[in-house]
Amino acid sequence: MSYPRQAEGFQVDSPDTYTDFHKRFFQLKPFGDYDVDIKIEACGVCGSDVHTVSGGWGDQKFPLCVGHEIVGHAIRIGPKVTLIKEGQRVGVGAQSYSCGSCKQCQNENETYCPHLQIDTYGAEWPDTGIISQGGYSSHVRTHEHWVFPIPEALSTAVVAPMLCAGLTAYSPLVRNGAGPGKKVGIVGLGGIGHFGLMFAKALGAETWAISRSRAKEADARALGADGYIATAEEGWEKEHLCSFDLIVNCANSSKGFDLAKYLSMMDVHGRWISVGMPEEEGQVIKAQNLIANGVLIGASHLGSRREMLEMLQLAAEKGLKGWVEELPIGEEGLREAMQRMKKGDVRYRFTMTGYEKVFN
């Protein structure tokens, strides 16, 4: 191939064939002064990948190569790049660009930029007609602001899922005061939720896992949870009324979700923050369910560059490791990842590895 004009990766053609991956060349955006070219060595599998290629999140720009928990080495840097050095091990998450000049971008809220957001895959680069392609591929080209040095203490396969799932859990925790003296709940012990438990505990909060049954209680305790609530049990919310300072909702489904009971556990002006994005419609929010404790409801999207770097450093210092199963990159490995993710058959994250065997 004529890299760096092209990369090679595994694309899906439609939601009807979302488990069929085809190895192809595709065009990269023109190389810019602030760009970094990365040779990919591993990529985490995010629930977003499955929602995207299976059609759960609506129409997409197919053919599409997904994957946005990317780790590799910087093999080329633009002449104005100052944040990354050639040869450095780096990561890329779910976002690859924003306008850089608006109020949000200037205040470390670049993931909330209202003017220009380029996702790592499935977005059109301005004035090029080129659709961004993700990390199930040989290379990725990204603006330096969204390229992050990886601490030596973190292994490639284990750190990959932190670049989306980890940050998605970490940002709402630090932005909403998780720390010593705070009682924090994590709803949904999955790919994002298991990071939420680890990070909430590492930040010093009293940390509770909240799940439907007790099937994952041992896992939650091993991840650092101080307590566990099973919502299938009668009266599960009663002994926790008005006691949580923060609950981060990482659940991937809202079916059978009794929101009023969850909200009743919040302290006065406690914060319920959602990061999960179920395919189905969410719960009805009634004002009557908010009055008793003045609960505040919000959401969170990814996190800033500063938060990413802080999270990676915290993980390195505390020896935090996500629970990761490696699968070989390729048609069969990706099909297995999609099928098992769809069934929830993962504890708690996949990372695609073996890139050197597949891409020259």
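Cut-offs and rules
- Residues numbered from 1 in each chain as written.
- Predicted model: local features only at pLDDT ≥ 70, side-chain atom pairs only at ≥ 80, totals over all residues.
- Heavy atoms only, no water.
- UniProt positions renumbered as here; feature names shortened; annotations may be inferred.
- Core = buried A, V, L, I, M, F, W, Y, C linked by side-chain atoms within 4.5 Å.
- Buried < 20%, exposed > 50% of the residue type's maximum accessible area, 1.4 Å probe, protein only.
- Helix = DSSP H or I, 4+ residues; strand = E, 2+ residues; numbered from the N terminus.
- Salt bridge = Lys/Arg side-chain N within 4 Å of Asp/Glu carboxyl O.
- Pairing = 2+ DSSP bridges.
- Axes fitted to C-alpha atoms, helices over the stretch in contact; angles between N-to-C directions.
- Contact = heavy atoms within 4.5 Å.

- An unreviewed UniProt entry annotates the protein chain as alcohol dehydrogenase (NADP(+)) of Aspergillus glaucus CBS 516.65.
- Recorded in UniProt for the protein chain, the comment headed Cofactor (unreviewed entry) runs: "Zn(2+)".

### Notes on the nonpolar core
Okay, step 1: Counting 45 residues, the largest nonpolar core has L173, V184, L197, F199, M311 and L312 as its most contacted members.
Okay, step 2: Elements that contribute at least two residues to this core include exactly helix 4 (165-175), strand 10 (183-187), helix 5 (191-202), strand 12 (227-230), strand 13 (244-249) and helix 9 (305-318).
Okay, step 3: With seven residues, helix 5 is the single largest residue contributor to this core.
Okay, step 4: One finds L64, A74, V346 and F350 within the second-largest nonpolar core, a separate group that totals 40 residues.

### With respect to the pattern of salt bridges
Opposite charge on two side chains permits pairing when their charged atoms draw close.
Okay, step 1: Inspection of every chain in the model, using the stated rule, returns 20 salt bridges.
Okay, step 2: In this structure, K29 and D35 form a salt bridge, with 2.5 Å as the shortest nitrogen-oxygen distance.
Okay, step 3: The class of K29 is buried, set by a relative accessible area of 13%.
Okay, step 4: The shortest N-O distance in the salt bridge between E325 and R340 comes to 2.9 Å.

### Some remarks on the sheet that holds strand 14 (residues 266-274)
Consider a sheet: its strands pair through backbone hydrogen bonds, and that pairing is either parallel or antiparallel.
Okay, step 1: Strands sit in the order 12-11-10-13-14-15 across an open sheet of six strands; the sheet is parallel. Two strands bound the open sheet, and with one partner strand each, they are strand 12 and strand 15 (296-299). Strand-to-strand twist in this sheet, taken as the mean axis angle between neighbours without regard to direction, amounts to 20 degrees.
Okay, step 2: Of the pairings in the sheet, the one linking strand 14 to strand 15 comprises four bridges and is parallel in character. Each residue of the ladder has a partner; that of S274, found in strand 15, is A299.
Okay, step 3: Here helix 4 sits on the sheet and contacts strand 10, strand 13 and strand 14; the angle it forms with strand 13, its principal contact strand, is near 160 degrees.

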